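Single-letter residue listing:
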Amino acid sequence: MSKHKFQTEVNQLLHLIIHSLYSHKEIFLRELISNASDAIDKLKYLNLTDDAFKKIKFDPRIDIHFNAKDSTLTMSDTGIGMNEADLEENLGTIASSGTRDFVKKMTGDAKKDSNLIGQFGVGFYSCFMVADRVEVVTRKAGEDKAYRWTSNGLGEYEVEPAEREESGTTVILQLNEEGKEYADRWKIEGIIKKYSNHIPFPIFLHYESVKHEGEGEKKKETREEKTDQVNAASAFWKRPKNDLKDEDYHEFYKSISHDYEDPAFYIHTHAEGTLDYTTLFFIPKTAPFDMFRADYRPGIKLYVKRVFITDDDRDLMPTYLRFVRGVIDSEDLPLNVSREILQQNKVLMKIKSSSVKRILDELEALKKNDRAKYDDFFREFGVPLKEGLYQDFENRDRLLELVMFKSSKVEGYTSLGDYLSRMQPDQKSVYYITGNREENLKNSPLLEVYRKKDIEVLVLDDEIDEIVISSIDKYRDTELKSVNRTDSANDLKTDDDREREKNIAPVIEKIKNALGDRIKDVKASTRLSDSPSCIVADENDPTVKMQSILKAMGQKNLPDFKPILEINPDHQIVKKLADSSEEPVIEDISFLLYEQALLIEGVELKSPAEFVKRLNRVMEKAL
Ligand code: ADP
């Protein structure tokens with residue numbers, strides 16, 4: 001028997017694991033299974049590639065036994081095994097210098113360290129969270145001798161010769177007070193199903209089934225040894241795409257999403273190169289019920305080398321793609337325990353950013369090749385997708401090609417690209433109107449001039465549109481302009497308009513005097529043809545609709561943004577007002593021009609009673 005001391009950093013790591021990760025102690029089982037699976041993977045490779053190993057029987061399996069009475073848990077694998085030198089190198093030191101340096105940097109403050117420790121796989125040593133004595137009996141494939149490694153995790157370990165019939169490794173845990181609960185069939189099964197269901201080798205759980213028969217004196221108890229395979233043993237997403245049919249994907253989707261419908265489409269990617277990973281994403285047909293809740297359930301499961309890590313991390317997808325369901329499986333990440341760390345992990349950040357690009361690729365292709373299907377997708381997920389315009393600046397240009405809006409000229413949706421292709425030869429900007437209802441907007445006086453000149457206007461009736469559009473100044477090289485704002489009409493101004501503007505300066509003065517500080521300004525309109533007046537927002541002020549959104553979002557102390565009143569110089573009411581000198585009539589008409597413009601915008605009048613009185617006075621006069 002030979003006694004050895006753990007490398008200093010192993011002691012530090014052990015201390016750290018025990019003090020920082022106790023609330024996650026069940027992960028020891030995942031770590032042991034993952035090691036066993038790796039060991040089988042290694043033998044599998046040699047078995048396939050090295051003549052010396054081809055003779056060795058390859059029977060991949062992991063077996064778990066437990067004994068509640070003795071508080072033991074035993075895991076055996078038929079993997080590559082270890083010899084004496086391997087044991088010393090693997091279970092007494094930390095081989096990776098990166099990990100060693102990392103451990104050295106630990107502060108000793110359990111709270112701070114527990115966030116850091118997730119940066120690497122805690123591995124084998126995690127079993128000392130649940131065991132006060134660990135025994136490893138192992139024999140390396142192709143060698144005759146077996147060895148026993150034992151330690152209580154307190155600074156030292158022993159290695160001695162042992163017996164083991166076949167190559168492989170057996171880990172025997174003498175469970176401590178905290179670990180006793182794991183000598184239990186359901187507990188073990190639950191953890192395996194949660195974390196290791198997709199380990200590609202079968203995991204067998206051995207247990208004793210106790211049957212009670214008969215009554216009273218004749219009561220008999222029979223005990224029977226049973227073995228169940230507890231994992232599914234296949235990582236669906238790892239299978240080659242050619243082997244899988246649409247139906248297979250649909251079934252798998254349902255098993256991970258709890259959706260009863262087939263997905264709209266799926267995207268399966270095996271990436272190899274600087275990073276090795278597999279992603280399988282699904283776009284549902286119908287939006288998840290909680291898509292607009294702040295506490296929505298994230299749809300992506302993260303695996304590392306087929307070992308389940310988490311399905312509760314909202315950062316695996318950008319928020320605007322929160323409806324995507326599926327799996328990310330990385331070969332390069334450490335088995336990770338800390339979510340805080342996942343967010344800053346460079347490997348994961350790269351996978352995430354490529355995943356987003358893949359999803360956008362697919363959406364672009366769909367939009368190009370199957371517009372009807374894309375429209376269906378957009379109806380369900382257009383709103384979250386539009387959020388991307390202010391969340392994801394890296395992909396903003398691509399998102400601008402994908403988002404769609406309603407329009408004054410076409411039924412259904414149009415993209416900005418389509419709009420551009422329909423623009424008038426001398427048209428300078430993309431025009432849009434924002435407000436509450438498609439119907440109202442399409443009939444708004446603000447659109448009169450555009451209708452007359454046959455210029456298309458995007459109709460933005462969704463709340464998100466108002467927020468999103470104000471962050472887009474340009475599409476490709478064309479400016480976007482809100483017809484609800486003053487400056488949009490400047491584009492369309494002719495010399496004629498300028499002449500008329502001069503002529504009605506006196507009327508404008510009259511109205512300004514009557515309305516006082518209710519309005520910011522009164523201007524001659526170039527956009528009206530049938531209506532006498534309209535209101536618009538000043539260039540940098542929020543529109544009426546935007547103000548109501550801000551209020552609904554709880555914005556208090558919102559300054560009172562006053563609208564600009566535009567009047568139609570060609571309208572009879574305006575012309576006649578110019579000729580009138582009857583003070584009370586001028587005042588009533590001024591108010592009515594202003595109030596009708598508010599009503600058409602969907603703004604509630606401050607005093608409907610005053611409005612009605614004015615209306616009645618004018619009606620009486622007209623008769
Ligand atoms: P990691 O798995 O991240 O390398 P561990 O601390 O879990 O770190 O394990 C250290 C090393 O011990 C492994 O890299 C492997 O070489 C060896 N090892 C652990 N468990 C087994 C096993 N069941 N069979 C063979 N080798 C093992």
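Model, not experiment: these values are computed from the prediction.

Within the span of helix 19 (residues 544-552), buried status applies to Lys 545, Met 546, Gln 547, Ile 549 and Leu 550. Residues of helix 19 that are buried make contact with helix 16 (463-469). At the C-terminal side of helix 19, Gly 554 shows a positive phi close to 95 degrees.

Taken as a whole, helix 18 (residues 505-515) has its buried residues at Val 507, Ile 508, Ile 511, Ala 514 and Leu 515. On an axial view of helix 18, the arc spanned by its buried residues comes to 125 degrees, and they lie on one face. For helix 18, the exposed residues set more than 90 degrees away from the buried face come down to Pro 506 and Asn 513. Those residues of helix 18 that are buried lie in contact with strand 21 (521-524), strand 23 (564-567), helix 20 (572-579) and helix 21 (583-600).

With that settled, the discussion passes to unusual backbone geometry. Unusually for a residue other than glycine, Asp 454 sits at a positive phi of about 60 degrees. Turning to its location among the elements, Asp 454 is positioned in the loop between helix 15 (448-452) and strand 18 (457-460). Residues other than glycine seldom take positive phi values, yet Arg 476 does so here, at roughly 45 degrees. Following the sequence through the fold, Arg 476 ends up in the loop between strand 19 (474-475) and strand 20 (478-482). For Arg 476, a relative accessible area of 51% corresponds to the exposed category.

Strand order in the open sheet formed by 5 strands is 10-11-14-12-13, and the pairing between neighbours is mixed. With partners counted over all chains shown, the strands left at the sheet margins are strand 10 (265-271) and strand 13 (307-310), one partner each. Sheet twist, expressed as the average angle between the axes of neighbouring strands with direction ignored, equals 20 degrees. Bridge count for strand 12 (residues 300-304) against strand 13 is 3 bridges, and the pairing is antiparallel. Residue pairing for strand 13: Leu 302 is matched across the bridge by Thr 310. Relative to strand 10, helix 10 (residues 346-369) is tilted by about 135 degrees, and along the sheet it contacts strand 10, strand 11 (277-283), strand 12 and strand 14 (325-330).

If you look at the biggest cluster of nonpolar residues, it comprises 69 residues, and the most contacted ones within it are Leu 321, Val 324, Leu 363, Tyr 374, Phe 377, Leu 385 and Tyr 450. When residues in this core are grouped by element, the largest group, 7 residues, is from helix 10. Both domains that furnish three or more residues to this core are identified here as domain 2 (237-378) and domain 3 (403-622). If we skip the residues at most four places from it in the chain, Leu 363 touches Phe 265, Tyr 374, Phe 377, Leu 385 and Leu 402. By size, the runner-up hydrophobic cluster in this structure holds 65 residues, among which are Leu 14, Ile 94, Val 171 and Ile 256.

Read across the sheet, 3 strands follow the order 21-23-22 without closing on themselves; strand pairing throughout is mixed. Each end of this open sheet is capped by a strand with a single partner; those strands are strand 21 and strand 22 (533-536). Direction aside, the axes of adjacent strands within the sheet are offset by 30 degrees on average. For strand 21 and strand 23, the ladder comprises 4 bridges, and the chain directions are parallel. By the bridge assignment, Asp 521 is partnered in strand 23 with Ile 564.

Close contact between helix 2 (residues 27-49) and helix 7 (residues 185-195) brings their axes to 10 Å; oriented N to C, the two are set at 65 degrees. In this structure, helix 2 meets helix 7 at a crossing whose hand is right-handed. Facing helix 2, whose interface residues are Leu 29, Arg 30 and Ile 33, helix 7 presents Ile 188, Ile 191, Ile 192 and Tyr 195. Residue classes in the contact of helix 2 with helix 7 are distributed as 6 nonpolar, no polar and 1 charged.

Lining the immediate surroundings of the ligand are Asn 35, Ala 39, Lys 42, Asp 77, Met 82, Asn 90, Leu 91, Gly 123, Phe 124 and Thr 169. One nitrogen or oxygen atom from the side chain of Asn 90 is found 3.2 Å from an oxygen atom belonging to the ligand. Within the side chain of Thr 169, one N or O atom sits 3.2 Å away from a nitrogen atom of the ligand. Expressed as a share of its isolated accessible area of 530 Å², the protein-covered part of the ligand is 73%. Residue classes in the shell around the ligand are distributed as 4 nonpolar, 4 polar and 2 charged.

With that settled, the discussion passes to the packing of aromatic side chains. What the rule picks out here adds up to 23 aromatic pairs. Both rings, one in Phe 124 and one in Tyr 125, keep their centres 5.8 Å apart while their planes meet at 75 degrees; by these two values the pair is edge-to-face. On the basis of an interplanar angle of 40 degrees and a centroid distance of 5.6 Å, the ring pair of Phe 377 and Phe 381 is categorised as tilted. Of this pair, Phe 377 and Phe 381 both sit in helix 11 (residues 371-391), separated by 4 residues, roughly a single helical turn. The class of Phe 381 is buried, set by a relative accessible area of 0%. Each member of the aromatic cluster is reached from another via a ring pair, and the members are Phe 236, Trp 237, Tyr 249, Phe 252, Tyr 253, Tyr 266, Phe 282 and Tyr 303. The side chain of Arg 185 reaches across the aromatic face of Tyr 207, ending 3.8 Å from its centre. A cation sits over an aromatic face here: Arg 322 above Tyr 296, 5.8 Å from the ring centre.

Once that is clear, we can look at the side chain of Thr 543. Position of Thr 543 relative to the elements: it lies in the loop between strand 22 and helix 19. In this view, Thr 543 contacts Thr 434, Glu 466, Asn 484, Arg 485 and Ala 537; residues no more than four positions away in its chain are not counted.

Of all 5 residues in strand 12, 5 are buried; the element is thus mostly enclosed. The side-chain alternation of strand 12 yields two buried faces, one formed by Ile 300, Leu 302 and Val 304 and the other by Lys 301 and Tyr 303. Note: strand 12 against strand 14, 5 bridges, orientation parallel. By the bridge assignment for strand 14, Leu 302 is matched with Ile 328.

Quick look at the domain arrangement of the protein now. Segmentation of the protein into domains returns domain 1 (2-234), domain 2 (237-378) and domain 3 (403-622). Placing the centre of domain 2 and that of domain 3 at their C-alpha centroids yields a distance of 44 Å. On the domain 3 side, the residues contacting the 5 residues of domain 2 number 6 residues. Regarding the contact of domain 2 and domain 3, the summed buried area is about 490 Å², with carbon and sulfur atoms giving 59% of it. The largest contributions to the domain 2 side of the interface with domain 3 come from Arg 371, Asp 375 and Phe 378, which together make up 79% of the buried area. On inspection of domain 2 and its partner domain 3, the count reaches 1 salt bridge. The salt bridge involving Arg 371 is made with Asp 418; its shortest N-O contact spans 3.3 Å. Here the element with the most residues in the side of domain 2 that touches domain 3 is helix 11; it accounts for 4 residues. Looking at the side of domain 2 that touches domain 3 residue by residue, the classes come out as 2 nonpolar, no polar and 3 charged.

What counts, and where the lines are drawn
- Residues numbered from 1 in each chain as written.
- Predicted model: local features only at pLDDT ≥ 70, side-chain atom pairs only at ≥ 80, totals over all residues.
- Heavy atoms only, no water.
- Buried < 20%, exposed > 50% of the residue type's maximum accessible area, 1.4 Å probe, protein only.
- Helix = DSSP H or I, 4+ residues; strand = E, 2+ residues; numbered from the N terminus.
- Contact = heavy atoms within 4.5 Å.
- Arc of directions from axis to C-beta.
- Pairing = 2+ DSSP bridges.
- Axes fitted to C-alpha atoms, helices over the stretch in contact; angles between N-to-C directions.
- Core = buried A, V, L, I, M, F, W, Y, C linked by side-chain atoms within 4.5 Å.
- Domains from an automatic or database assignment.
- Left-handed = near helix turned anticlockwise from the far one by under 90°.
- Nonpolar A, V, L, I, M, F, W, Y, C, P; charged D, E, K, R; others polar.
- Near = heavy atom within 4 Å.
- Polar contact = N/O pair within 3.5 Å; in protein donor to acceptor, adjacent residues only side chain to side chain.
- Areas by Shrake-Rupley, 256 points an atom, 1.4 Å probe, with all protein chains shown as cover.
- Phe/Tyr/Trp six-rings, centres within 6.5 Å; stacked < 30°, edge-to-face > 60°.
- Lys NZ or Arg CZ within 6 Å of the ring centre and 35° of its normal.
- Buried area = accessible area lost by both parts, 1.4 Å probe.
- Salt bridge = Lys/Arg side-chain N within 4 Å of Asp/Glu carboxyl O.

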